[in-house]
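Breakdown of the fold
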There are 2 protein chains.
Amino acid sequence: MRGLHADTGYLLYRLGLRSGQLFNGFLQESGLRLRHYALLRFLATSGGALQRELSTTLGYDPSAIVGLVDDLEKLGFAERRPSPDDRRSRIVVLTEGGRGFLRDTDEAGLRVTNELLGPLNPAERDALHTLLLRIAEDGLS
Amino acid sequence: MRGLHADTGYLLYRLGLRSGQLFNGFLQESGLRLRHYALLRFLATSGGALQRELSTTLGYDPSAIVGLVDDLEKLGFAERRPSPDDRRSRIVVLTEGGRGFLRDTDEAGLRVTNELLGPLNPAERDALHTLLLRIAEDGLS
DNA sequence: AACAACTATTGACGTCGCCAATTATTGCTC
DNA sequence: GAGCAATAATTGGCGACGTCAATAGTTGTT
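The following refers to the structure shown. (Residues numbered from 1 in each chain as written. Chains lettered and ligands numbered in written order. Predicted model: local features only at pLDDT ≥ 70, side-chain atom pairs only at ≥ 80, totals over all residues. Heavy atoms only, no water.)

Our focus in this paragraph is the relation of the copies chain B and chain A. Expressed as a screw transformation, the operator carrying chain B onto chain A has a rotation angle of 180° and an axial translation of 0.0 Å, and the superposed copies differ by an RMSD of 0.0 Å. The superposition operator between the copies reduces to a two-fold rotation axis. When C-alpha distances to the rotation axis are compared across chain B, the minimum falls at Gly-16 of chain B, with a value of 2.1 Å. Here 100% of the contact residues of chain B are again contact residues in chain A; the copies associate through an equivalent surface. (Least-squares fit on C-alpha atoms with pLDDT ≥ 70 in both. Contact = heavy atoms within 4.5 Å.)

Here it is as structure tokens:
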């Protein structure tokens with residue numbers, strides 16, 4: 001009979017939970033959660049996005065995006081702007097406050113990842129990241 | 001600025017979600033969820049366990065274990081037996097029905113993992129599993 | 001005998017993923 | 001160009017989940 005951790009899928013599930021907990025722990029003091037952080041980071045790389053794009057890229061339900069952007073607007077980290085081509089859409093952009101927040105927390109985020117990947121040396125971390133990326137690109141985002 | 005998937009921790013979080021969804025999808029028809037399946041599989045390897053052991057090993061809250069074992073008892077896949085040494089404890093054991101269920105679904109579980117790890121060849125899957133196991137053993141279960 | 005520690009259980013709270021419905025707007029098509 | 005399907009954002013609801021507090025019963029210790 002196969003053991004509990006004999007299955008890679010189950011391992012991924014459990015480690016994903018643990019990773020989310022660690023991230024949320026470090027974000028706790030700022031009042032944000034992992035979802036907000038992911039959204040901010042994506043905005044930083046894209047320069048601005050429709051909420052629909054955020055939904056498909058981040059994999060969150062459109063209804064979830066609404067609340068997340070609401071929260072970020074309240075904190076002054078992002079804002080909604082009307083889309084010139086399509087009045088149904090809103091373009092979400094990072095504000096200067098949001099950029100500052102990312103700068104301040106970037107190092108802390110790395111610390112969390114370090115804690116998570118504790119027993120792995122740099123080469124192994126690279127290998128793991130590459131493998132996960134391959135899986136992620138197949139069917140995800 | 002680091003990209004969205006530049007962080008291994010976030011990748012793990014997202015893939016963990018996806019893995020859980022896949023597993024739950026395949027379990028849907030049986031009325032169970034991933035948590036039940038993990039519990040059954042652990043029982044199969046251990047031969048029987050106190051609920052407290054299940055809680056620490058699987059990482060679920062003790063209160064969650066109660067409901068899971070309730071469900072499995074209703075389906076006749078497991079049962080609670082009094083512990084001879086300690087009347088506070090109950091020993092949860094797999095029934096013949098539970099063993100049969102595991103036999104029937106074992107192959108389907110492998111299919112899910114195959115789907116998840118689609119783009120990886122066997123050697124890569126081994127490497128990934130080994131790396132994840134190393135992380136898991138550090139602080140988890 | 002009294003008290004701290006532990007097991008299982010119940011209940012509550014907030015978050016999350018998912019789905020349905022609604023409103024405003026756009027694009028298609030006839 | 002009038003009618004209609006499709007789309008974007010939003011609201012609300014439902015079940016599952018992680019977490020914590022509280023309780024009853026039991027054990028071990030001192």
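So, next bit.
Counting residues at the interface gives 54 residues for chain B, matched by 54 residues for chain A. Here chain B meets chain A over a buried area of about 5600 Å², counting both sides, of which 67% is carbon and sulfur. Joining chain B to chain A, the criterion identifies two salt bridges. Measuring nitrogen to oxygen at the nearest pair gives 3.0 Å for the salt bridge that ties Arg-134 of chain B to Glu-124 of chain A. On inspection of chain B and its partner chain A, the count reaches 12 residue pairs in polar contact (both at pLDDT 80 or more). (Buried area = accessible area lost by both parts, 1.4 Å probe. Salt bridge = Lys/Arg side-chain N within 4 Å of Asp/Glu carboxyl O. Polar contact = N/O pair within 3.5 Å; in protein donor to acceptor, adjacent residues only side chain to side chain.)

So, about the packing of helix H6 (residues 122-137) of chain A against helix H1 (residues 8-27) of chain B. It is at 10 Å that the axes of H6 of chain A and H1 of chain B come closest, and there the two elements cross at 40°. If you check the angle between H6 of chain A and H1 of chain B, you find them oblique. Considering the relative orientation of H6 of chain A and H1 of chain B, their crossing is left-handed. Where H6 of chain A abuts H1 of chain B, its residues Leu-128, His-129, Leu-132, Leu-133, Ile-135 and Ala-136 of chain A lie against Thr-8, Leu-11, Leu-12 and Leu-15 of chain B. Partitioned by chemical class, the residues of the contact of H6 of chain A with H1 of chain B number eight nonpolar, two polar and no charged. (Axes fitted to C-alpha atoms, helices over the stretch in contact; angles between N-to-C directions. Helix = DSSP H or I, 4+ residues; strand = E, 2+ residues; numbered from the N terminus. Parallel < 35°, antiparallel > 145°, perpendicular 65-115°, else oblique. Left-handed = near helix turned anticlockwise from the far one by under 90°. Nonpolar A, V, L, I, M, F, W, Y, C, P; charged D, E, K, R; others polar.)

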